[in-house]
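# A closer look at the structure
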Amino acid sequence: MSLRFYDTATAQVRDFVPLVPGKVGLYYCGATVQGDPHVGHIRSAIAFDQLTRWLRASGYDVTVVRNVTDIDDKILVKSADSFRPDAAEDPMVPVPNEPWWALAYRYEQEFAKAYDTLGVERPTYEPRATGHIPEMHRLIQELIDRGHAYPALDDSGDVYFDVRSWPEYGTLTHQRIEDMQAAPDAGPRGKKDPRDFALWKGHKEGEPETASWASPWGAGRPGWHLECSAMVTKYLGTEFDIHGGGLDLRFPHHENEVAQSRAAGQGFANFWMHNGMVTFEGEKMSKSIGNIITPAEMLQDARPLVVRYYLGQAQYRSALDYNPGSLVEAAAAVERIEGFMQRALKFLYGEQLGFVVTERVPEAFAAAMDDDLNVPQALAAVHETVRAGNTALDAKDKEAATRALHQVMAMTDVLHINPLDPHWHSGGADTAAHQALDTLVRAQLEERRAARAAKDWSRADAIRDALAEAGIVVEDSAEGASWSLG
């Protein structure tokens, strides 16, 4: 089967043929750094990380661009809210007054930390919006020259895209202009049509001087949608293979991106790929409901490997539903893979890792990934191979066990959930705690082995029962006992 992806623009699964043979240009929307990352951000990053890894495993040279929106209305509001003189009970105590650029950079680091912790590979390029103002000016001028943009009619310094000048507006999300709501990025006073959206926002009284740049239309700052169009074309060209992002970005963000880019004469994205949302027990996560789960909270309950497994286990276009047992189920799945690998390593190599993986991923895994990144089916292939490998170990079939181990390693490497990967053992409190626990449990298992050798069955059972009471499951096999968290 050839690679096939669902394209939002055509609403169908299409064969993927790159614009340049052997090369893929992928852009996906990064964060607006106005707060801590939420699970939707991280789920999206993991989905496109899986895509990138599979494209590379399929032989493509992939250039990945993920932007940082570091200037935006929300960032300015958050910065302004950090200065509240009325909140200071003691006039001698300094009140926080964080500049917008400092706030943006601080949260950008939180995103980078979350991406790194959960194994999201750094993109080839990660441009910030504030570093690409000249490119944005050129794009605006091109749109004005072509009759698709105009300076605001109220002398505010804003510049708007004229949606009615572009007949294809609405085709990405399959809407008619008449059915759309007004663009919320500026009031309608200076617009020809309430749906026209801002390309440039004139500097307003009360806004920081540092949040504006000189332009032919007056001091101001770029509109959100314009930023991505200017950045992607700088790094991937005016036509590229894949544009990705969360389902919530289809409208207005991506609709506006494709309109302004194509109106400027660019081919832009050949495929549009959107990942689904994360829900909480079937409901949309919302601050007002109080059902938001953050990556930081997940990482308090489970290892980073388990959190990555959970956030990456669904087909990327589907909703991923979280419930209190989700991480427990993901941990059990990871431990089945991990347990088999530990058994196989001990049987085949004496736990030494100095060997080369000789097996390719099984056909079932490759077919699943080629079919619009069907990760659930790919994981089914992983677990089926784990079962077959355990059967081979029970039968002491060295050839079959070796094949299964190498296939499981190849598959989990693609999904970046290989428990043997050094990334998941790179230090930190979680890893240190796991190593300490492993040392203590192994001492107990050695004492239990000695008790069984001496036929002291009551002592051996007591040790097993004490471990079970602590949530540790002991598994006996011909190669000895192993443990996992139950």
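Report follows, based on the coordinates. (Residues numbered from 1 in each chain as written. Predicted model: local features only at pLDDT ≥ 70, side-chain atom pairs only at ≥ 80, totals over all residues. Heavy atoms only, no water.)

Counting across every chain of the model gives 4 cavities of 30 Å³ or more. Approximately 50 Å³ is the volume attributed to the largest cavity. Lining the largest cavity are Ile46, Gln50, Arg308, Tyr309, Gly312, Gln313, Val375, Leu379, Leu415 and Ile417. Going through the elements one at a time, helix 1 (39-57), helix 8 (304-311) and helix 11 (375-394) are the ones with two or more residues in the lining of the largest cavity. Of the residues that constitute the lining of the largest cavity, the class distribution is 6 nonpolar, 3 polar and 1 charged. (1 Å grid on protein atoms, 1.4 Å probe; cavity = no way out; pocket = protein on both sides within 12 Å on 5 of 7 lines; lining within 4 Å. Points joined across faces, edges and corners; volume = space filled by probe spheres on them. Helix = DSSP H or I, 4+ residues; strand = E, 2+ residues; numbered from the N terminus. Nonpolar A, V, L, I, M, F, W, Y, C, P; charged D, E, K, R; others polar.)

Here we come to the side chain of Glu338. Relative to the assigned elements, Glu338 resides in helix 9 (residues 326-349). Apart from the residues lying within four places of it in its own chain, the contact partners of Glu338 are Arg303 and Pro419. (Contact = heavy atoms within 4.5 Å.)

Time to look at the nonpolar core. Counting residues in hydrophobic clusters, the biggest one holds 125 residues, and the most contacted among them are Phe5 and Phe365. Residues within four places of Phe5 in sequence aside, it is in contact with Gln12, Val13, Arg14, Phe16, Leu51, Leu55, Ile242, Phe271, Met273, Asp372 and Leu373. Residues Leu445, Ile463, Ile472 and Trp483 belong to the second largest nonpolar core, which totals 7 residues. (Core = buried A, V, L, I, M, F, W, Y, C linked by side-chain atoms within 4.5 Å. Buried < 20%, exposed > 50% of the residue type's maximum accessible area, 1.4 Å probe, protein only.)

The subject of this paragraph is the environment of Ala401. Its place among the elements puts Ala401 in helix 12 (residues 398-415). Ala401 sits in the buried class, given a relative accessible area of 0%. A C-alpha to C-alpha distance of 9.9 Å links Ala401 and Met341, two positions 60 residues apart in sequence.

Now for the packing of aromatic side chains. This model, assessed by the stated rule, comprises 16 aromatic pairs. The interplanar angle of 55° and the centroid separation of 6.1 Å between the aromatic rings of Phe111 and Tyr115 together place this pair among those described as tilted. With Phe111 and Tyr115 both in helix 3 (residues 100-117) and 4 residues apart, the pair spans about one turn of that helix. There is no split in this pair, since Phe111 and Tyr115 are both buried. Here the aromatic rings of Phe161 and Phe197 are separated by 5.1 Å at their centres, their planes lie at 20°, and the arrangement is stacked. Here the residue Phe161 occupies a position in strand 6 (residues 159-161), and Phe197 occupies one in strand 7 (residues 197-202), the gap between them amounting to 36 residues. Each member of the pair, Phe161 as well as Phe197, carries the same accessibility label: buried. The structure contains a cluster of three or more aromatic residues connected by ring pairs, namely Phe5, Phe16, Tyr60 and Phe271. Sitting above the plane of the Tyr107 ring, Arg106 keeps its charged end 4.5 Å from the centroid. The lysine or arginine in question, Arg317, covers the ring of Tyr6, its NZ or CZ lying 4.1 Å from the ring centre. (Phe/Tyr/Trp six-rings, centres within 6.5 Å; stacked < 30°, edge-to-face > 60°. Lys NZ or Arg CZ within 6 Å of the ring centre and 35° of its normal.)

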